Amino acid sequence: MNNQIENKDWHCKSIEEIWADCESNKDGLEQQQVEERRIIFGENKLLEAKSKTILAILLDQFKDFMIWVLIIAALISWWTGEHIDAAIILFVVILNGILGTIQEAKAESALEALKNMAAPFARVIRAGTMQRIPAAEIVPGDIIALEAGDSVPADLRLIECASLKIEESALTGESVPVEKNLAVKLERSAVLGDRLNMAFTGSNVTYGRGMGIAVDTGMNTQMGKIAQQLTQTPQETTPLQKKLNQISNVLSVGVLIIAALIFAVGILGGREAYDMFFIAVSLSVAAIPEGMVAVVTIVLAMGMSRMADRGAIIRRLPAVETLGSTQIICSDKTGTLTQNKMTVTSIHSENTELLYQAMGFCNDAQLGAESQLIGDPTETALIDYLLKEKLWDEGSIKSRQRDGEIPFDSERKRSTVAIKQADGMFRVFVKGAPDQMLSLCELQDNALTEILQQNDKMTEQALRVLAFAYKDSLDFNAASVTETESGLNFLGLVGMIDPPRDEAKAAMETCQIAGLTAIMITGDHKGTALAIAKDLGMLRDDRIAVSGAELEEMKEEEFEQKLTQIGVYARVAPEHKSRIVRAWQKRGKIVAMTGDGVNDAPALKAADIGVGMGITGTDVSKGASDMVLTDDNFATIVAAVEEGRRIFDNIHKTVRFLLSSNAGEVIAILVATIAGWNLLAPIHILWINLVTDTFPALALGVEPAEADVMRRPPRDSKIPFFTKKEWGRILVVGLVEAILTLAAFVIGNFYYESASLGTTMAFVTLAMTQLFAAIGFQSERSSVFTIKFKEHNKLWLAFLLSTALQLSVVLVPTLRDIFKLSPLNIAHFGIIALLAVLMLIFIETQKFVARRTAD
């Protein structure tokens, strides 16, 4: 097969011609053919926005206004003969750029890895076996299976259709799903919307089943032609990043105004313009938290990576923030609260032979590689039962043939297949929910009563019950659903159970402690839902269960009144989920909603956190989600909420640390300037910011969760990032830091009568007070004296590394001369250590008072 396939008019060809052109057959490609074609055609991916090169990331580090202020300051220093000062400033600027590049590159790599983990999958037939593979591995000639909920992974020429409908609005603009067929008499000029025998990349299957052969992949697809025009993807900015940008911008403007005033006051007071310019630069560098947003971005990216390790792939960055304030978790039952391992445990039937046939034929489950069952858990349970009881063998499963079918849909709640018999008659098997099926069967009153009693008995045991029926007919017309699915002979009931996950029970306990309200929303029978909910402890505090029918009858006012009492919604339609989400949001709650079907997409989008199922979920539901669970486990949602709270806490304490440090620098320089003291040079401030704003800030960002993180109520999203009280604490910490720094300067300058010594002591004290403050900020509530060293090893490592860097400037003679500092003796270091420890003691006292006040 050559690679010049984009000019072939696949829609005009017969299926036989397609097989020949693609050099494939119904058994699919062999592995050698796949590998050869992968070399020719590459991965089945659309071109995306090009990732930034390292050079581009590096250049971005120098777009900040303050960086150019520093560069100008360095040039002026060089011009005035201060070559060492100029060299140090440029060195720090370049080093800062390199560190920023490394951090951003790591964040890009983490996000790219997460994106790859969230890649869609497809079901293909290769070498006669059904396989589930990443969609990116599809090559032309592959046979692709489609069913309701799937996203079409490549451009396909359809070779099988069973009531197949595909929504192609993204490609054609037509909002109504298109009913597909295998027509071959299409004109070459037929537009995309009229190519009824084709399925195109990016469209979504809304109904029925089908099979197609991949004819175009990657950029050769119709969607690929559109993608060629979309090479730029805007980088997503989270609400938190926007808030922090606003804080940074306001601080920058305010500080620049203060710096200008200081400059003007100094000039009017007779001081040299050159000196005052550098003092203004020092003040600006000290105050503007230029790395704040970058650090937050890295913390978010690292948090996303940590969530992925715990089974929750975050698809949209704002979800990390929203998770921390989630209050309501609306969860599906099957596979999320339960093990997703349905097991047939009870059968009620008078004709088991026919019932077993119905269980096998009216079933879409397939045997994949290594005899693994692929399909809906309910249907795989039926096949698993037939195999385990040796009623069917694997050959029988694989050789099943259908001569007609009416696929399952959520409104009918049943599916139908037709098998042509040797005498030419069609045996029609129907499978569905008992309450829907019984009305279609011809039953005597006593037989109906017995069936209902058996159904209730199974339901009381928390079993999921399916009803089966059949009839023999001269013909089969899939278009006439009502006629085909009437006048049926009842075959029997099959009961199965999907037991609760053990970890879900523990997660429910955590929810109650954490102030989270867990709600079950399921399509299952009300009795089954109640049994599972009670087992999990979801119906405490007199909470009740309602059915979809009862919900439908409730007027909006009545529903809003009963909302907080309802813990379980059973037998609901997908559209009910959106109503539930809106009702809770109307109460001002942050809602997480799970979903796995096509019709769940509106509710997933409406929820504050849409949670898609990674195993059983359709591509459509995953695409509409903010978060995808790789294990479909409710406990993973709770773990993600915990992780979201941890991330927010860490960002909060990191930003508090950065702002309080900068506030201390500003106050110290401002007071010193007014007093006429030469406190610190710009290179000193630059060095301190480099040492304290890098390692300690990042270490605070990856701190472990505090012990009470899931014992607190959810954070109210309406509360600003910093309250007025918290702003006050930031300024007070900054003020204390400035006082301690100025005290060190006064001791050195006046007690020891050395201006150089005063600057040196102030330089070391300012850095060390910030580093000790970082230790105090490891928790915003708990005392540092109660922490375990090994649980905070990154913070202690950052503290030791930053301390070593700071002291090296003073202890290494060459560096000391470059920075124009004086040697320090043991007494000097003793004073600095005392002042730094006083900083930690003050922060601990502040937390102690806050705890006592809260109590």
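Here goes a summary of the coordinates provided. Keep in mind that this is a model prediction, so the values were computed, not measured.

## Side note on the overall build of the chain
Point 1. Within the chain, the regular secondary structure consists of 32 helices and 23 strands.
Point 2. Put simply, the chain has 855 residues, and 53% of those count as buried.
Point 3. For the chain, contacts bridging at least 24 residues in sequence account for 72% of all contacts bridging at least 6.
Point 4. Per element, the accessible surface of the chain, about 37,900 Å² overall, is 55% carbon and sulfur.

## Some remarks on the packing of helix H25 (residues 634-675) against helix H29 (residues 755-776)
Point 1. In contact at an axis separation of 10 Å, H25 and H29 are set at 155° when each is read in the N-to-C sense. As judged from the angle between their axes, H25 and H29 are roughly antiparallel. Considering only the axes of H25 and H29, their crossing is right-handed. On H29, the residues touching Phe-657, Ser-661 and Glu-665 of H25 are Leu-766, Gln-770 and Ala-774.
Point 2. When the residues that make up the contact of H25 with H29 are grouped by side-chain class, the tally is three nonpolar, two polar and one charged.

## Here's the deal with the nonpolar core
Point 1. Met-627, Phe-634 and Leu-679 are the most contacted members of the largest nonpolar core, which totals 105 residues.
Point 2. Considering each element in turn, this core owes the most residues, 16 residues, to H25.
Point 3. When residues no more than four places from it in sequence are discounted, the contact partners of Met-627 are Ala-312, Ile-313, Ile-314, Arg-315, Leu-323, Gly-610, Val-611, Gly-612, Ile-637 and Ala-640.

## A short note on the packing of helix H28 (residues 724-751) against H29
Point 1. Running from N to C, H28 and H29 cross one another at 155°; their axes reach a closest spacing of 7 Å. Here H28 is positioned roughly antiparallel relative to H29, judged by the angle of their axes. Where H28 crosses over H29, the handedness of that crossing is right-handed. Residues Glu-737, Leu-740, Thr-741, Ala-744, Phe-745, Ile-747, Gly-748 and Asn-749 of H28 form the contact with H29, whose own contacting residues are Ala-755, Leu-757, Gly-758, Thr-759, Met-761, Ala-762, Thr-765, Leu-766, Thr-769 and Gln-770.
Point 2. Here the residues of the contact of H28 with H29 sort into nine nonpolar, eight polar and one charged.

## Things to note about the packing of aromatic side chains
Point 1. Throughout the structure, instances matching the rule amount to 13 aromatic pairs.
Point 2. Arranged with centres 5.4 Å apart and planes meeting at 70°, the rings of Phe-361 and Trp-392 form a pair that is edge-to-face. Placement of Phe-361 in helix H12 (residues 352-361) and of Trp-392 in the loop between helix H13 (377-388) and helix H14 (394-398) is noted, with a sequence separation of 31 residues between them. The pair Phe-361 / Trp-392 is uniform in exposure class, with both members buried.
Point 3. A ring pair is formed by Tyr-751 and Tyr-752, whose centres lie 5.0 Å apart and whose planes are at 90°; its orientation type is edge-to-face.
Point 4. The exposed category is assigned to Tyr-751, whose relative accessible area is 64%.
Point 5. Classification of Tyr-752 as partly exposed rests on a relative accessible area of 30%.
Point 6. Each residue in the set Phe-361, Trp-392 and Phe-429 is aromatic and connected to the rest through ring pairs, giving one cluster.
Point 7. One cation-aromatic arrangement involves Arg-132 over Phe-121; the distance from NZ or CZ to the ring centre is 4.3 Å.
Point 8. In this structure, Arg-715 packs its charged tip against the face of Phe-648, placed 3.6 Å from the ring centre.

## A word on the pairing of strand E4 (residues 155-167)
Point 1. Of the strand pairs in this sheet, E4 and strand E7 (residues 204-216) are connected by ten bridges, and their pairing is antiparallel. Counted as the bridge partner of Leu-156 is Ala-214 from E7.
Point 2. Bridge count between E4 and strand E6 (residues 198-199): two bridges; the pairing is antiparallel. By the bridge assignment for E6, Arg-157 is matched with Met-198.
Point 3. As paired elements, E4 and strand E5 (residues 178-179) share two bridges and run antiparallel to each other. Residue pairing in the sheet places Ile-166 in a bridge with Val-178 of E5.

## What about the sheet that holds strand E21 (residues 591-595)?
Point 1. Taken in spatial order, the eight strands make up an open sheet running E8-E23-E22-E21-E9-E18-E20-E19, and their pairing is mixed. For this open sheet the edge positions go to strand E8 (312-314) and strand E19 (544-547), each flanked by a neighbour on one side alone. Strand-to-strand, the axes of this sheet are offset by a mean angle of 20°, without reference to chain direction.
Point 2. Looking at chain direction, E21 and strand E22 (residues 609-613) are connected through four bridges and run parallel. Residue pairing across strands places Gly-595 opposite Gly-612, the latter belonging to E22.

## As for the environment of Asp-409
Point 1. Relative to the helices and strands, Asp-409 is located in strand E13 (residues 404-409).
Point 2. Judged by relative accessible area, Asp-409 falls into the buried class, the value being 15%.
Point 3. Separated by 202 residues in the primary sequence, Asp-409 and Tyr-207 have C-alpha atoms spaced 7.4 Å apart.
Point 4. Aside from chain neighbours lying at most four places away, what touches Asp-409 is Tyr-207 and Arg-414.

## Side note on a negative patch on the surface
Point 1. Taken together, the side chains of Glu-411, Glu-552, Glu-553 and Glu-575 define an acidic patch exposed on the protein surface.
Point 2. Secondary-structure assignment places Glu-553 in helix H20 (residues 548-553).
Point 3. Residue classification places Glu-553 among the exposed residues on the basis of a relative accessible area of 67%.

## Looking at the environment of Asp-384
Point 1. By secondary structure assignment, the location of Asp-384 is in helix H13.
Point 2. Separated by 19 residues in the primary sequence, Asp-384 and Ala-365 have C-alpha atoms spaced 9.8 Å apart.

## Some thoughts on H29
Point 1. Between its terminal C-alpha atoms H29 stretches 31 Å, which fits the 32 Å expected from 22 residues at 1.5 Å a residue.
Point 2. Counting buried residues along H29, 20 of its 22 residues qualify, which places the element largely inside the surrounding structure.

## Some remarks on the sheet that holds strand E15 (residues 426-432)
Point 1. Read across the open sheet, the six strands follow the order E10-E17-E16-E15-E14-E13; overall the sheet is antiparallel. Strands with a single pairing partner mark the edges of an open sheet, and in this sheet they are strand E10 (343-349) and E13. Neighbouring strand axes in the sheet, compared pairwise and without regard to direction, differ in orientation by 20° on average.
Point 2. By the bridge criterion, seven bridges tie strand E14 (residues 414-420) to E15 in an arrangement that is antiparallel. Counterpart to Arg-414 in the pairing with E15 is Gly-432.
Point 3. The strands touched by helix H16 (residues 445-460) are E10, strand E16 (464-473) and strand E17 (489-497); relative to E17, the strand with the most contacts, the crossing angle is about 10°.

Cut-offs used in this document
Residues numbered from 1 in each chain as written. Predicted model: local features only at pLDDT ≥ 70, side-chain atom pairs only at ≥ 80, totals over all residues. Heavy atoms only, no water. Helix = DSSP H or I, 4+ residues; strand = E, 2+ residues; numbered from the N terminus. Buried < 20%, exposed > 50% of the residue type's maximum accessible area, 1.4 Å probe, protein only. Contact = heavy atoms within 4.5 Å. Areas by Shrake-Rupley, 256 points an atom, 1.4 Å probe, with all protein chains shown as cover. Axes fitted to C-alpha atoms, helices over the stretch in contact; angles between N-to-C directions. Parallel < 35°, antiparallel > 145°, perpendicular 65-115°, else oblique. Left-handed = near helix turned anticlockwise from the far one by under 90°. Nonpolar A, V, L, I, M, F, W, Y, C, P; charged D, E, K, R; others polar. Core = buried A, V, L, I, M, F, W, Y, C linked by side-chain atoms within 4.5 Å. Phe/Tyr/Trp six-rings, centres within 6.5 Å; stacked < 30°, edge-to-face > 60°. Lys NZ or Arg CZ within 6 Å of the ring centre and 35° of its normal. Pairing = 2+ DSSP bridges. Patch = residues over 30% accessible without salt bridge, like charges linked within 9 Å, V, L, I, M, F, W, Y side chains within 5 Å. Salt bridge = Lys/Arg side-chain N within 4 Å of Asp/Glu carboxyl O. Lys, Arg positive; Asp, Glu negative; His and termini not counted. Charge placed at Lys NZ, Arg CZ, Asp CG, Glu CD. Expected span 1.5 Å × (residues − 1).

Shape descriptors only; they carry no functional weight alone.
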